[in-house]
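Geometric and topological summary
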Amino acid sequence: AELAPLNSDTEKDRIDWSQVEAKFGALPKLPDGTKAGAVSKTLTNEYWRSLGEGYKAFGDKVGVPVVYQAAQSEGDQLGQLTIAEGLVTQGYNVLLVSPQTDANLQPIMEQAKAANVPVVNVNDAVIPQAEHYVGNVQRDNGVRVAKWFIKNRPNGGKVAIIEGQAGVYAAVQRTDGFKTTISESGKFEVVASVPGNWDRQTSYDAATNILQQHPGLIGFYANNDGMALGIVEAVKAAGLQDKVAVFGTDGISDAYASIRAGELTGTVDSFPVLTGEVALETALRLVAGQKLPRVVATPQALITKDNADRYSGTGDAVRKALLEDAAAGQ
Amino acid sequence: MSPRLQFAGISKLFPAVRALNDVSFSVGAGEIHGLLGENGAGKSTLLRILSGVYRPTAGSVLIDGKPVTLANPVAARAVGVAMIHQELQQVPRLSVAQNMFLGHPLTRGGIFVARREQERRAAEALAAIDPSIDPAAPLGTLKVAQRQIVEIARALLDRARIVAMDEPTSSLTPSEFERLAEVITGLARDGVAVVYVSHKLDEVFGICERATIMRDGVVVDSVDLASLSEKAVVAMMVGRELAQEHHSSHASGEVMLSVRGLASATKVRDVSFDLHRGEVLGIAGLVGSGRTELLRLLAGVDRASAGTIAIDGRATRFSSPRDAIAAGIGLVPEERKHEGIVPLRSITSNMALASMGVFAPRGVIDHIRLKQVAAEKMSRVKLRPFLLDRPIRLFSGGNQQKAIIGRWLAAGTRILLFDEPTRGIDVGAKAEIYHLIEELAAEGHSVVVVSSELPEVIRLADRVLVMRDGTIAAELDRSNISEQAIAAHAIPQTQTPAAGPARH
Amino acid sequence: MSDTTLVQPRAEFLRGFSMRDAGTLIGLVVILAVFGALVPGFFAERNLINILQQSSINACLALGMTLVIISGGIDLSVGPTAALSAVISASMLVAGVPFPLAIAAGFAIGLACGLVNGVLVAYVGLQPFIVTLGTLSTYRALALIYTGGNPVLGLPPSFRAIFNGSLFGLPLAVIIVAGVAVVAWIVLKKTPFGEYLLAVGGNEEAAYIAGVPIARTKIAAYMISGLLAALAAQILIGRLGAAEPILGNLWELDAIAAAAIGGASLMGGKGSVVGTILGAVILGAMRNGLTLMNVQSFYQLLATGLIILAAMLIDRVTRGRG
Amino acid sequence: MSDTTLVQPRAEFLRGFSMRDAGTLIGLVVILAVFGALVPGFFAERNLINILQQSSINACLALGMTLVIISGGIDLSVGPTAALSAVISASMLVAGVPFPLAIAAGFAIGLACGLVNGVLVAYVGLQPFIVTLGTLSTYRALALIYTGGNPVLGLPPSFRAIFNGSLFGLPLAVIIVAGVAVVAWIVLKKTPFGEYLLAVGGNEEAAYIAGVPIARTKIAAYMISGLLAALAAQILIGRLGAAEPILGNLWELDAIAAAAIGGASLMGGKGSVVGTILGAVILGAMRNGLTLMNVQSFYQLLATGLIILAAMLIDRVTRGRG
Ligand SMILES: Nc1ncnc2c1ncn2[C@@H]1O[C@H](COP(=O)(O)OP(=O)(O)OP(=O)(O)O)[C@@H](O)[C@H]1O
Ligand SMILES: Nc1ncnc2c1ncn2[C@@H]1O[C@H](COP(=O)(O)OP(=O)(O)OP(=O)(O)O)[C@@H](O)[C@H]1O
Ligand SMILES: [Mg+2]
Ligand SMILES: [Mg+2]
């Protein structure tokens, strides 16, 4: 039967990562010589390097070699397709792909199907034909930050959004989640929602201009941490660090450092290392022949100074904390 | 009956320059009409209006009595005007035939270029002047003279009613001119009106019955050449009598430049000679005999493959023109547009290019001094119009040449190498340049003049080297210099020396 | 004159295949040899076909780019032109418009984008680089606004089959682009338009005086580039099954690189269809080989840069100055 | 010779400020007027200073780009050059190396990057576009490899103060870049090197015969471009407090746009320091105005494209052909 186009944020056939072991048992034994191939957007962003670390870590644990490649830059759509096609030809048993866009790896789905290789779409852009998706709910990033504002700034006020590259799925979803949620509360006004193009300098300049025009601004939400750190500098340069809250997304290590230093207010960590581990585990379960739900949801958490330590220890400690969160139904 | 071609009150204004002012004259069918005037008189501008490149500010052009609109080159061609431009207007990467048919190619079925047919027709047109040119060869591999012949042949293809020729022979030899003259008289016999611009008065007297003389954008007069002497025409052109100049020698015995066994990778071989202080050394030879290449070696533009160059007795090696300039050698090149000028820059900048060190002793250009020197050197070479800040590309060819000569005057060059110094330069300016060369020699400069115009060589040279096949075939001292003697040595031995410096 | 050797007729094939192309070919052979030695299976038929397929879109764009470059211009807007063409064709297809109409609409968009570029360059007299830099943003924005930033999904499988099939074991895309290359070669070598392109880029003033329709020639070059961008878009959406407004990001750089490696001079007046195709295959082979060698992406980037330089150097050395 | 009126001396200022620059100035005035009418507070002193500050980095790069363009070249590698310079300076600063040394190292990197470009262009004779396209990838890859892709954080606040301070109410970055512009203007108008640049770009062959050191002139242009990219990098890391290996993405396009809007011809031989600065401010004012108007991102992209075209058009209309 034709698969309905996937919407990873709303798909009903889903399972939370914390439930997988309970429902499907321990990872079954894998056929000899199983090897996994993975391709992601770019290594110039820490998020994707961490995801690769997660793949490697889990691969080492269960003795499966993982090849991890990435395109040369974000937006290099055909380059990424070339890489993925290379992985199919080279005979990997399962593919983990984090596509540049919703469409650019579509041919891979068909080639892999023909070669009988399962494909797991890991995070961010969503291939509509994907049979398996591991990742978090992009929209939820923005929602979480909006909820923080509603809870911690009860009087409301003016807020601004610095968006990622125009038209990119994650940027659109995150922005929309934040905008909708915060507007529904009625007390906040989104005075600006302008592109920062994933770029620190562009965000810095945009934030400077926004602060100058809206001196009473109480907060920024940025679609990723690099841009958020640019905004932090602009806020500092304007001498408003006590008045303006700045949030990013991704939870890269620099963001943690900045949060600890009291500069960045918070970030939404989507735990790329853990995501990588969960994704590879999911992939290997497929190789072993298990039938899993279409979407495996990975965790995320709003990190602020108060809880930063809880989420930044070693891999196992974080995993434990997140399992506790899941159990507590957060 | 109305004349074939009539200019009626044509004026042309450029920013800051009135190039033409109320120019009127006419040319009948079958007439070969000379157009004479000094550099900058407006000859090219008038012909460019005729060929649709410029539009006149006022006035009109009439053909067979009817006013025509010459909005662009295509329109001009459509009413039967063909033009040979002063500056070669060619695309080096296309073949000879493609250049000749550019803009109106012959096609097969309107889709494909009929290359063979074009090449055949091109060969036919070329045959009248120089059958050795290969119509399929890329134009860029041709020498200047051949390129000029291609330009002429292109105009012949059109079977036009009016053919305008703007200095078609500036790079041609007398024998090539003779063949061209036959072609032109043939055209006239067929009823074509020919407008012929040249600075070579003997050519104009040779083929034209009538001529219009221009000065500073206005018509001085249209005259019957049969009833006038060259001297009288020159006087009309320049507005004064030119004194008949005679050769005077300033050569000393002191050797300034000594060349031994010089050779290039391509053509020049085993060239040895001395150049003395105050001497004007002429170099004659056929097209392709290697004169230009020799000068390029001496000026450091190309690198020698063997031999030595010594200046003031000290052996030197040039790895670039810079070295040669530092040693006091400057080249006034043959192809002014490509090798001489920086078109967008002013006269002053073009002049100063080779002597920046002089004008910027402490790293910053002394503009006051630069202006003084520019004013001084440019009035010495009699630049017209005297606009030192104007981009050089807006000047006529002769005036561009003056600026290049000024460049070396400003640089304090001691050894000047002229390659075809008066190509495209009018009689008045020519006399000025000759005079200048003599002055320079008298001041102790040494000068080498390469020229295809034998009268020029004879007029200027204290001594003549005749080149043949890349080497020096003969040396003639002042008392032995004559057109016959030069021609006898220039032509390869196997051929019988014809009268005059015939080539090929 | 003794140069009669030059008059002897040469085979037409050799006329089309110049010394300069031989330099590019040597560059390609060297790169293939290196990868062949390093990567097992690099020369497998399947992989060679992959390389051709992966090069086909860039080759298609690069052919248009070559014509524009020969005319003395440059077209930075090919990626966004492709995107605009793709989303409009795709949304028509999804709405059930018959294929030929939808494809024609995509081509029309490509031609229109090229027309705007061409008019701004030829009639208004703006610099090509800056015109197409402006339209690069403009066309991209139009594609984003038209789609609201969302991909157009669900192209009919029968449409996809058109551009996605195979013939004699070769992907249809490769065959289509090869066909385009042959046409481009004929246009450049055999038609008045090809001569006009070379003349306009080689010496615009001379071309004008000779009566070459300068403006029309330039506009046609940009329109062909737009059309080929639209064709590349159709091939790509056929392959991907979806059209995205952000498709074609940075395509212009690859296309220019292919043309330049193939001998086109950005000063105009010079360029070769054969060379451009070889240039596109060099770039495609390089990407493919680096991936198969599992080179980490930072080092892939390094290799990309170095190989572009190396290709130019090899070419430079094999043909001497000029 | 009656035209002596034209020889009369004009004020030196007017000589530096040509007709062409007046066209650019009108473009700037129109754009400022439009935004001033649409955006309340656009003309606030604070905002005007913001515009200058935000234009300063692009202006700095564009000045170097202008010199390269005048010489007949182009430098696509400015962004990666800046990134490489930034990460090396920053990692030295973080390691406790004294400021002057760390800054000097950054500048040395910029010069070295320019030297490589220049040598490949001037001595090896490769096309500038393709050389710097190759080094664009190469330098970026080196920056990424050097840092492992991570930003270098924790720059000493006292270092940041150097480039981040103010003087007479103007940001130091603006003052520094203004100083660079004055120097560039002097270099172009008053030094032999400036004449050489214009000559080399205007007619290389003629310049060579006139004794201009072609290779050295070109190399110097690329080295200056590299140096100014390094300066821009220092300013930026001072402002942001971090040096990222991906810094400077697409800087080359903005810099080329500024130079072209300011009248530089990509054919070489022509360009203006004043024009380039005005061009950079036009782009900066546009970005600033669009942000203040809170234009949605797709429409910002649209406006960016249209304003670049409009600036060129206004300029074109005000100065006539040529
Ligand atoms: N495009 C232009 N813009 C401004 N001035 C021009 C332009 N073309 C020619 N002139 C000027 O018009 C005048 C006439 O020039 P023209 O080239 O017609 O002279 P000419 O008689 O052909 O001289 P020559 O014998 O040197 O070829 C000169 O002063 C020249 O500087
Ligand atoms: N076979 C050739 N192909 C291309 N260019 C050539 C060739 N031979 C000579 N040239 C060029 O033509 C010009 C004239 O060459 P050369 O020095 O041989 O002749 P010359 O005696 O100066 O004659 P003239 O200058 O009257 O044509 C030079 O610029 C030279 O480089
Ligand atoms: Mg003339
Ligand atoms: Mg010669």
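Just so it is clear, the model here is predicted, and its values are computed rather than measured.

**Details of the relation of the copies chain D and chain C**
- For the pair chain D and chain C, the relating rotation is 180°, the translation along its axis is 0.1 Å, and the fit reaches an RMSD of 0.2 Å. The operation mapping one copy onto its partner corresponds to a two-fold rotation axis. Judged by C-alpha distance, Met267 of chain D is the residue of chain D that lies nearest the rotation axis, at 3.5 Å.

**Some thoughts on the interface of chain C and chain B**
- Counting residues at the interface gives 27 residues for chain C, matched by 33 residues for chain B.
- Of the roughly 2,500 Å² buried at the junction of chain C and chain B (both faces included), carbon and sulfur atoms supply 57%.
- In this structure, the connection of chain C to chain B is made through 1 salt bridge.
- The residue Glu205 of chain C makes a salt bridge to Arg48 of chain B at a minimum N-O spacing of 3.3 Å.
- Among the elements of the structure, α1 (12-16), α8 (172-190), α9 (192-202) and α10 (204-209) of chain C are those that each provide at least two residues to the side of chain C that touches chain B.
- No other element matches α9 of chain C, which puts 6 residues into the side of chain C that touches chain B.
- Considering only residue class, the side of chain C that touches chain B consists of 14 nonpolar, 6 polar and 7 charged.

**Topic: the pattern of salt bridges**
- Per the counting criterion, the structure on display carries 50 salt bridges over all chains.
- Across the pair Arg239 of chain D and Asp205 of chain A runs a salt bridge, and its minimum N-O distance is 3.8 Å. One end of the pair, Arg239 of chain D, is in helix α11 (residues 214-240); the other, Asp205 of chain A, is in helix α7 (residues 200-213), on a second chain.
- According to the relative accessible area criterion, Arg239 of chain D is buried, its value standing at 2%.
- The shortest N-O distance in the salt bridge between Glu279 of chain B and Arg463 of chain B comes to 2.6 Å.

**A short note on the coordination of the magnesium ion (ligand 4)**
Residue and element names in this part refer to chain B.
- At this site the magnesium ion (ligand 4) is bound by Thr292 (OG1) and Glu334 (OE), with donor distances of 1.7 to 2.6 Å. Of this pair, Thr292 sits in helix α9 (residues 291-298) while Glu334 sits in the loop between β18 (329-332) and α11 (336-340), placing them 42 residues apart in sequence.
- For Thr292, a relative accessible area of 27% translates into the label partly exposed.

**Description of the site of ligand 2**
Residue and element names in this part refer to chain B.
- Surveying the vicinity of ligand 2 reveals 14 residues, the closest of which are Lys267, Arg291, Thr292, Glu293 and Glu334.
- Thr141 is positioned such that a nitrogen or oxygen atom in its backbone is 3.4 Å from a nitrogen atom of ligand 2.
- Residue Gly288 places a main-chain N or O atom 3.1 Å away from an oxygen atom belonging to ligand 2.
- In isolation ligand 2 offers 600 Å² of accessible surface; the protein chains occlude 75% of this area.
- Its residues placed into classes, the shell around ligand 2 shows 2 nonpolar, 6 polar and 6 charged.

Rules behind the numbers
- Residues numbered from 1 in each chain as written.
- Chains lettered and ligands numbered in written order.
- Predicted model: local features only at pLDDT ≥ 70, side-chain atom pairs only at ≥ 80, totals over all residues.
- Heavy atoms only, no water.
- Least-squares fit on C-alpha atoms with pLDDT ≥ 70 in both.
- Contact = heavy atoms within 4.5 Å.
- Buried area = accessible area lost by both parts, 1.4 Å probe.
- Salt bridge = Lys/Arg side-chain N within 4 Å of Asp/Glu carboxyl O.
- Helix = DSSP H or I, 4+ residues; strand = E, 2+ residues; numbered from the N terminus.
- Nonpolar A, V, L, I, M, F, W, Y, C, P; charged D, E, K, R; others polar.
- Buried < 20%, exposed > 50% of the residue type's maximum accessible area, 1.4 Å probe, protein only.
- Donors = N, O, S within 2.8 Å, 3.2 Å for Na, K, Ca; no water.
- Near = heavy atom within 4 Å.
- Polar contact = N/O pair within 3.5 Å; in protein donor to acceptor, adjacent residues only side chain to side chain.
- Areas by Shrake-Rupley, 256 points an atom, 1.4 Å probe, with all protein chains shown as cover.

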